[in-house]
Amino acid sequence: MISHARLLELAREYGTPLFVYDGDMVLERYRDLFRFIPCEKLRICYAMKANYNPALLTLLRDAGAGLDTVSPGEVLYALKLGFPRERIIYTANNMTDAEFEQVLALGVTMNIGSLSRLAKIAKHHPGIRICLRFNPDVCDGDSEKTMTGGDLTKFGILLDAVDEVRRLVREGNLRVIGLHEHTGSGLQHAESVYRSMANLMAIATPENFPDLEFLDFGGGFKVPYKPDEKRIDYVSMGAEIARRFEAFTAKYGRKLDMYFEPGKYMVAEAGYLLVEVNTLKRNRTRLIAGCNSGFPQLIRPVLYNAYHQIWNLSNPCGTPQVYDVCGNICETGDRFAEQRELPEIREYDILAIGNAGAYCYSMGGVYNLRPMPGEVILHDGKVFAAHRGLTSEELADRILEENRFK
Ligand SMILES: Cc1ncc(COP(=O)(O)O)c(C=O)c1O
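Residues numbered from 1 in each chain as written. Predicted model: local features only at pLDDT ≥ 70, side-chain atom pairs only at ≥ 80, totals over all residues.

1. What about the site of the ligand?
Piece 1. Around the ligand, 16 residues are found, and the nearest of them are Ala47, Ser185, Gly219, Gly263 and Lys264.
Piece 2. Of the residues belonging to the shell around the ligand, the class tally is five nonpolar, eight polar and three charged. (Near = placed C-beta within 6 Å. Nonpolar A, V, L, I, M, F, W, Y, C, P; charged D, E, K, R; others polar.)

Structure (structure tokens):
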């Protein structure tokens, strides 16, 4: 946990907007999972889409973590960072033939989520080892946009299609070494995890898939975003997961590895976005605190209606007032929080937006040509890595450079 005093110091030292991450917390979250889920063959493949900061990935690499990747770019980046390819799983959806060939050549386990792709593999790549992604047929998640089970999602092969899968696997003489499901992000109910596991384990029989080496139950472990939100009891949930998996492997007849692919759980709470308020405005019924960042830098409130806690670091004891905390982008919807009670905000106050470690920087962009902020990573109480954001001039030059088509 980084103290508010330290965050304020970093804001003063590096300037704002600025992302700050607690590398120790990320490592602690990784190690906690092994304590929570007492399964001797557990592998954690961090979903790097949540936050691809290279310093955080290096810490996780050295701690032994694997990676869940979703694009050739992520695979190449992970390999360049020194992740062994055996620790990487590739779960793209709607991939092109060229992308498939590119990642296959890199020697990474491919997780296939459509019958159409499976048919192409059976025809053109007989004999290869693959993992298959199934739709767990369970709907859960913190936003409809991130639920990945059930009828309305594009992900995975339907469980009902298992006979067709077997036919294609036989036709291509493929070795199915893993089965996968991912139910969604921010799973609200422990029961959903158990049901998705049960649905996948039901088809993971030696008759259907005799060559299995692992089952991968995706990510989705939720963390609290609101101050009054309860933390899930991961000790009892982990024990239940391990118990169910052990019962399954006893039936399967052989010990298999169990994979999870958490993203949010590992990094969300470890990150802050520090911003400076530059304009206060009273708009009849609304008090608006305008700051020097905007939704392209932290899009979750706008995209998912997500709640992120906000602290006034430089005036923590101010008399509380109700604010719309807005950004610097030309859209009315550009708000980090609406009608939020906060200690009095003055111009030049520094605010910290919490839970900014997952799906914030990594979903960022430069809309309105506002460069992405710098990032600072703390580890062992010290600054472990830091980079500044581009200046506006550098961003302008970079875009012009990229557009110089030959
Ligand atoms: C296949 C897959 N695995 C894991 C994750 C990570 O989910 P979370 O960050 O909620 O743990 C995602 C998120 O989109 C995903 O699509």
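2. Examining the pairing of strand β2 (residues 42–47)
Piece 1. The pairing of β2 with strand β10 (residues 257–260) spans three bridges and is classified as parallel. In the sheet register, isoleucine 44 faces β10, and the bridge partner there is phenylalanine 260.
Piece 2. Pairing analysis gives three bridges linking β2 to strand β3 (residues 66–69), with the strands arranged parallel. Residue pairing across strands places cysteine 45 opposite glycine 66, the latter belonging to β3.
Piece 3. Where the polypeptide runs from β2 across helix α3 (residues 54–63) and back to β3, its parallel neighbour, the crossover connection is right-handed. (Pairing = 2+ DSSP bridges. Helix = DSSP H or I, 4+ residues; strand = E, 2+ residues; numbered from the N terminus. Right-handed = clockwise from strand over helix to strand, strands pointing away.)

3. Some thoughts on the packing of helix α2 (residues 23–36) against α3
Piece 1. Where α2 meets α3, the closest approach of the two axes is 10 Å, and the angle between their N-to-C directions is 35°. For the crossing formed where α2 meets α3, the hand is right-handed. Counted together, Gly23, Val26, Leu27 and Tyr30 of α2 and Ala55, Leu56, Leu59, Leu60 and Ala63 of α3 form the full contact between these two elements.
Piece 2. In terms of residue class, the contact of α2 with α3 is built from eight nonpolar, one polar and no charged. (Axes fitted to C-alpha atoms, helices over the stretch in contact; angles between N-to-C directions. Left-handed = near helix turned anticlockwise from the far one by under 90°. Contact = placed C-beta atoms within 7 Å.)

4. Let's talk about unusual backbone geometry
Piece 1. Cis rather than trans, the peptide bond between threonine 16 and proline 17 has omega equal to -5°.
Piece 2. Relative to the helices and strands, proline 17 is located in the loop between α1 (4–14) and β1 (18–22).
Piece 3. Despite not being glycine, asparagine 355 has its phi angle at roughly 50°, a positive value.
Piece 4. Looking at the element boundaries, asparagine 355 is found in the loop between β16 (350–353) and β17 (374–379).
Piece 5. In this structure asparagine 355 comes out as buried when scored by C-beta crowding, with 25 C-beta atoms within 10 Å. (Buried ≥ 20, exposed ≤ 12 C-beta atoms within 10 Å, placed from the backbone.)

5. Describing the domain arrangement of the protein
Piece 1. As far as domains go, the protein holds domain 1 (23–266) and domain 2 (269–402).
Piece 2. Taking only C-alpha atoms into account, the centre of domain 1 sits 32 Å from that of domain 2.
Piece 3. Listing elements by their share of the side of domain 1 that touches domain 2, those giving two or more residues are α2 and α3.
Piece 4. Its residues assigned to classes, the side of domain 1 that touches domain 2 shows ten nonpolar, five polar and five charged. (Domains from an automatic or database assignment.)

6. Some points on the nonpolar core
Piece 1. With 106 residues, the main nonpolar core has Leu274, Leu351 and Ile353 as its most contacted residues.
Piece 2. Looking at which domains feed residues into this core, each of domain 1 (23–266) and domain 2 (269–402) supplies at least three.
Piece 3. Residues within four places of leucine 351 in sequence aside, it is in contact with Val275, Val277, Cys291, Ile310, Trp311, Asn312, Leu313 and Val325. (Core = buried A, V, L, I, M, F, W, Y, C linked by C-beta atoms within 7 Å.)

7. Regarding helix α7 (residues 162–171)
Piece 1. By the burial criterion, the buried members of α7 are Val165, Leu168 and Val169. When α7 is viewed along its axis, its buried side chains cluster within an angular range of 100° and face the same direction. Turned more than 90 degrees from where α7 packs its buried face, Asp163 and Arg170 sit exposed.
Piece 2. Against the buried residues of α7 lie α6 (115–124), β6 (129–135), β7 (157–158) and β8 (175–180).
Piece 3. Just downstream of α7 lies asparagine 173, where phi reads positive at about 50°. (Arc of directions from axis to C-beta.)

8. Some details on the packing of α6 against α7
Piece 1. Where α6 meets α7, the axes come as close as 8 Å, and the angle between the chain directions of the two elements is 20°. With respect to each other, α6 and α7 are oriented roughly parallel. In this structure, α6 crosses over α7, and the sense of that crossing is left-handed. Touching Leu115, Leu118, Ala119 and Ala122 of α6 are Glu164, Val165, Leu168 and Glu171, all from α7.
Piece 2. Class assignment for the residues of the contact of α6 with α7 results in six nonpolar, no polar and two charged. (Parallel < 35°, antiparallel > 145°, perpendicular 65-115°, else oblique.)

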